[in-house]
Amino acid sequence: MFPEVNFELPGWVEEFVGDPDRVYPTEEDRMRLAVELSRMNVENGTGGPFGAAIFDLETKRLVAPGVNLVTTAGCSIAHAEMVAIMFAQRAVGSFDLGAPGEPPRELVASTEPCAMCFGATPWSGVRRLVCGARDEDARAIGFDEGPKLPDWESALEERGIEVSRDVLRGEAASVLRFYAESGGAIYNSREG
Ligand SMILES: [Zn+2]
């Protein structure tokens, strides 16, 4: 009666990410991948201007990439961070990326998380969140971040999740502007 729901990463992602054994030593290296995923997502017309990735902080290798699939999957929850979390949990074989005995893992998001992705972060089990563009950069092109806590960063830190902001912010924000200038669809949470 009800159809199956499946998510697939766009075909270009696997080739773009390349060598699965590649090491990303610094948070800038890891953010560069998320930002380039966001740019490629716009260039390929496969979704909104947002990229994300989850990394293993012991090996510094990619666990899973994510790109925004909202418009192409017809799904409001398919933000880049949610997609990366789903693919990472499938890759690891657990709903908890921070289960006992697991290496610490990091979520890298080309733009700071919205209310939904902020909420999903502690549930995912990641121990670290790295953000590129700020939410005001997203608002500047017409997106909004939903009803997020004003002090969302401290709320995550209180749950043992380290937050690093403004990593390659300028590059990440330039992808947002590129998307808006190219006439990309802007969608939002309902205004309160
Ligand atoms: Zn989101």
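Residues numbered from 1 in each chain as written. Predicted model: local features only at pLDDT ≥ 70, side-chain atom pairs only at ≥ 80, totals over all residues. Heavy atoms only, no water.

**Q** Can you lay out the environment of Thr59 for me, pointing to particular residues and giving the numbers?
**A** Mapping Thr59 onto the fold places it in the loop between strand E1 (51–56) and strand E2 (61–67). A C-alpha to C-alpha distance of 37 Å links Thr59 and Tyr187, two positions 128 residues apart in sequence. One polar contact links the side chain of Thr59 to the main-chain amide nitrogen of Arg61, over a distance of 3.2 Å. (Helix = DSSP H or I, 4+ residues; strand = E, 2+ residues; numbered from the N terminus. Polar contact = N/O pair within 3.5 Å; in protein donor to acceptor, adjacent residues only side chain to side chain.)

**Q** With reference to specific residues and values, describe helix H4 (residues 80–92).
**A** The terminal C-alpha atoms of H4, which comprises 13 residues, lie 18 Å apart, in line with the 18 Å expected from a rise of 1.5 Å per residue. The complete set of buried residues in H4 reads Ala80, Glu81, Met82, Val83, Ala84, Ile85, Ala88 and Gln89. Structurally, H4 contributes buried residues whose contacts are with E1, E2, strand E3 (105–111) and helix H5 (115–124). Remark: Gly93 follows H4 within two positions and exhibits a positive phi of approximately 80°. (Expected span 1.5 Å × (residues − 1). Buried < 20%, exposed > 50% of the residue type's maximum accessible area, 1.4 Å probe, protein only. Contact = heavy atoms within 4.5 Å.)

**Q** I'd like a description of the layout of surface pockets, backed by residues and values.
**A** The computed volume of the largest pocket comes to approximately 390 Å³. Lining the largest pocket are 26 residues, with His79, Cys114, Asp144, Glu145 and Tyr187 positioned closest to its centre. When contributions to the lining of the largest pocket are tallied by element, the ones reaching two or more residues are H4, E3 and H5. Considering only residue class, the lining of the largest pocket consists of 13 nonpolar, nine polar and four charged. The calculated volume of the second largest pocket comes to roughly 230 Å³. Forming the walls of the second largest pocket are 14 residues, and the residues nearest its centre are Val13, Glu14, Val17, Leu62 and Pro65. Taken together, the residues that form the lining of the second largest pocket break down as ten nonpolar, one polar and three charged. (1 Å grid on protein atoms, 1.4 Å probe; cavity = no way out; pocket = protein on both sides within 12 Å on 5 of 7 lines; lining within 4 Å. Points joined across faces, edges and corners; volume = space filled by probe spheres on them. Nonpolar A, V, L, I, M, F, W, Y, C, P; charged D, E, K, R; others polar.)

**Q** If you had to explain the sheet that holds E3 to someone new, which residues and values would you point to?
**A** In space, the five strands of this open sheet follow the order E2-E1-E3-E4-E5, with mixed pairing throughout. At either margin of the open sheet sits one strand with a lone partner, and together these are E2 and strand E5 (162–164). The average undirected angle you get between the axes of adjacent strands in this sheet is 15°. Pairing between E1 and E2: six bridges, direction antiparallel. Bridge pairing in E2 links Ala53 to Pro65. Sitting on the sheet, helix H8 (residues 169–181) is in contact with E3 and strand E4 (128–133), with an inclination near 60° to E4. (Pairing = 2+ DSSP bridges. Axes fitted to C-alpha atoms, helices over the stretch in contact; angles between N-to-C directions.)

**Q** Go over the environment of Leu62, please, and point to the residues and values.
**A** Assignment of secondary structure puts Leu62 in strand E2. According to the relative accessible area criterion, Leu62 is buried, its value standing at 18%. Taking the C-alpha atoms as reference points, Leu62 and Ala88, 26 residues apart in sequence, are found 9.1 Å from one another.

**Q** Give me the lowdown on the coordination of the zinc ion, citing residues and values where you can.
**A** Within the protein, the zinc ion binds to His79 (ND1), Cys114 (SG) and Cys117 (SG); these donor distances fall in the range 2.1 to 2.3 Å. Spacing between the donor residues of the zinc ion along the chain follows H-x34-C-x2-C. One end of the pair, His79, is in the loop between helix H3 (70–73) and H4; the other, Cys117, is in helix H5, and 38 residues separate them in sequence. When sorted by exposure, His79 lands in the same class as Cys117, which is buried. (Donors = N, O, S within 2.8 Å, 3.2 Å for Na, K, Ca; no water.)

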